[in-house]
Amino acid sequence: MPEENIQKLKTGIPGFDLISEGGLPIGRTTLVVGSAGCGKTVFSCQFLIEGIKRGETGVYVTFEESPTNIRKNMRGFGWDIAKLEEEGKWYFVDASPEPGKNAYISGDYDLSPLLARIQYAIDKVKATRVSMDSLGAIFSYIPDKAQIRDDLFIIVSALRDVNSTAILTSERNQEYGSISAHGVEEYVADNVIILRNVLIEEKRRRTLEILKYRGSSHQQGEFPFTILTDRGFVTIPLSAMASEDRDSSTIRISSGNLELDEMCGGGFYRDSIILASGATGTGKTLLSTQFISAGIQNNERCIYFAFEENRHQLMRNARGWGMDYTQAEKEGMLKILFRYPESTRLENHLIRMQEAIQEFKPHRVVIDSLTALEKVATFNGFREFIASLNATVRGQGMTGLYTATAPTLLGGSSVTESHISTSTDSIILLRYVEVYGEVKRGLAVIKMRGSKHDKQIREFIIDDKGMHIGKSFRNVIGILSGNPTYVDQDEVNRLNDLFPDEA
């Protein structure tokens, strides 16, 4: 494969440089298009901010919002643009309309004065980065599409001449379909990035797609992004995520329950992801608590992400089973983070979880429960969340235990389970079982990747000491399907004769 000659400038925007495989091509123009509210202005401002952090300077050309409004709005992200102006690192070219005055253009529109101002600004601060926001505001006064194309070509050529890496923003009227409002911008710019803010099932989903990167490689497809008050524009790279390529571990760790360890062939593998699925009250939180307790006893740092029960409930429940979470937190062995799923977007939850993992560096991670998070996500959004989360956990050699809630009391496959079952290494099912009018609990290990495991469905009880796993249900069928049926001993004997290997 020939070596790429086009050098790239790292934008510094989280996640974007992975997707773009290095950043924006140096000395070229990139068109960023999107509908209202998708984050074009934040992207263009952050492009300059991140450059300034790296010792560069930038020019911001505004055709719509006044510099005053931009300074005020960007303060919400902690960016003090006024200070950067005073330091000579940021320069505004104000081409925004004066309040109360409507521009009227008769004949050809002359860009020479504007280009002269931009050239002066670039020379004054020796800018390597330029952002122009937004082209639609100036082109809306020009009725002739041919002139728009000519004028845009003039702007792009002028920016190339000064060897600045530039971002031009433009509006579009729909999330899918025509790329730009005037239908010409994407043909003149060297690169095209599309920002989308799609409404699906009453939920917003923001994505970024690099549509065109002339002469330069990049990742294909749509990638989710979010906008955070303390970080600005954050892209979630998914398939482009840089995770350490580790060998699969052969070391076993305890689940916190000796009987379950035996059922799993000696415990969980250290870098595996385990899914515990069951109806409410079947013991998923207890399983998670014992998993955390085993880690603490083995001097392993643990982090517990709770999305259903708050930290006080978790600590109370742990005390009831003889486990002191409070002391573990004081000793720095445990971190419990509780958030309501509805408090923010799923992408924001993911970013905060990744930040907490990077900071705390745990050996074990519990997420209780994924079903609660799925309720605030779109189908694709949840799938991307799981992919990114798994990459974070596996990439750092941690052991993850996720819980999911079955839709009915007697079990059945949950939507969450169907989303993530193929991406997990082990699956543990917890079920209610009715036997002679009495409700009992059953546990089965139905998947244990790379290891033999007990395939029986075993009865278990819960008391103040925790979970105790007993003998298998020999006279009940249909447990996993959510339709348990008692079978008399004669029928069991007949089935054993027909299938002796399964007896």
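Shown above is the structure to which this text applies.
This structure is a prediction, so every number in the text was calculated from the model and none was measured.

### Some remarks on empty space enclosed by the protein
Inference 1: By the definition in use, this model includes one cavity of 30 Å³ or more.
Inference 2: Here the largest cavity defines a volume of roughly 30 Å³.
Inference 3: Pro224, Ile236, Glu347, Leu350, Gly381, Glu384 and Phe385 together form the lining of the largest cavity.
Inference 4: Elements with a contribution of two residues or more to the lining of the largest cavity: helix 13 (346–360) and helix 15 (379–395).
Inference 5: Ranked by residue count, the leading element in the lining of the largest cavity is helix 15, at three residues.

### Thoughts on unusual backbone geometry
Inference 1: In this chain, Asp133 is followed by Ser134 through a cis amide linkage whose omega measures 0°.
Inference 2: On the secondary structure map, Ser134 appears in the loop between strand 6 (129–133) and helix 6 (135–139).
Inference 3: The backbone of Asn299 sits at a positive phi, close to 65°, despite the residue not being glycine.
Inference 4: The topology assignment puts Asn299 in the loop between helix 10 (284–297) and strand 15 (302–306).
Inference 5: Given the relative accessible area of 58%, Asn299 is considered exposed.
Inference 6: Its identity as a non-glycine residue notwithstanding, Lys361 has a phi of 55°, on the positive side.
Inference 7: The topology assignment puts Lys361 in the loop between helix 13 and strand 17 (364–368).
Inference 8: Residue Lys361 is classed as exposed on the basis of its relative accessible area, which comes to 55%.

### A look at the packing of helix 13 against helix 15
Inference 1: Where helix 13 meets helix 15, the axes come as close as 10 Å, and the angle between the chain directions of the two elements is 5°. Relative to helix 15, helix 13 is oriented roughly parallel. Between helix 13 and helix 15, the residues in contact are Leu346, Leu350, Met353, Gln354 and Ile357 and Gly381, Phe382, Phe385, Ser388, Leu389 and Thr392, respectively.
Inference 2: Grouping the amino acids of the contact of helix 13 with helix 15 by side-chain chemistry returns seven nonpolar, four polar and no charged.

### Brief notes about the sheet that holds strand 7 (residues 165–171)
Inference 1: Ordered by their spatial adjacency, nine strands build an open sheet running 5-4-6-7-3-8-9-10-11, and the pairing between neighbours is mixed. If you trace the sheet from one side to the other, it starts and ends with strand 5 (90–94) and strand 11 (232–235), each paired once. Across the sheet, the mean angle separating the axes of adjacent strands is 25° when strand polarity is ignored.
Inference 2: Where strand 3 (residues 29–34) and strand 7 come together, six bridges link them in parallel fashion. In the sheet register, Val33 faces strand 7, and the bridge partner there is Ser170.
Inference 3: Here helix 2 (residues 40–53) sits on the sheet and contacts strand 3, strand 4 (58–62), strand 5, strand 6, strand 7, strand 8 (191–200), strand 9 (203–213), strand 10 (222–228) and strand 11; the angle it forms with strand 6, its principal contact strand, is near 165°.
Inference 4: Lying on the sheet, helix 5 (residues 112–125) is in contact with strand 4, strand 5 and strand 6; it crosses strand 5 at an angle near 170°.

### Considering the sheet that holds strand 15
Inference 1: A sheet is described by the order of its strands in space; here nine strands give the open sequence 16-15-17-18-14-19-20-21-22, paired in mixed fashion. Each having just a single partner strand, strand 16 (334–338) and strand 22 (466–472) make up the two edges of the open sheet. Here the strands of the sheet are splayed against their neighbours by 20° on average, with no regard to which way each runs.
Inference 2: Set on the sheet, helix 13 makes contact with strand 15, strand 16 and strand 17; between it and strand 15 the angle comes to about 165°.

Parameters and conventions
Residues numbered from 1 in each chain as written. Predicted model: local features only at pLDDT ≥ 70, side-chain atom pairs only at ≥ 80, totals over all residues. Heavy atoms only, no water. 1 Å grid on protein atoms, 1.4 Å probe; cavity = no way out; pocket = protein on both sides within 12 Å on 5 of 7 lines; lining within 4 Å. Points joined across faces, edges and corners; volume = space filled by probe spheres on them. Helix = DSSP H or I, 4+ residues; strand = E, 2+ residues; numbered from the N terminus. Buried < 20%, exposed > 50% of the residue type's maximum accessible area, 1.4 Å probe, protein only. Axes fitted to C-alpha atoms, helices over the stretch in contact; angles between N-to-C directions. Parallel < 35°, antiparallel > 145°, perpendicular 65-115°, else oblique. Contact = heavy atoms within 4.5 Å. Nonpolar A, V, L, I, M, F, W, Y, C, P; charged D, E, K, R; others polar. Pairing = 2+ DSSP bridges.

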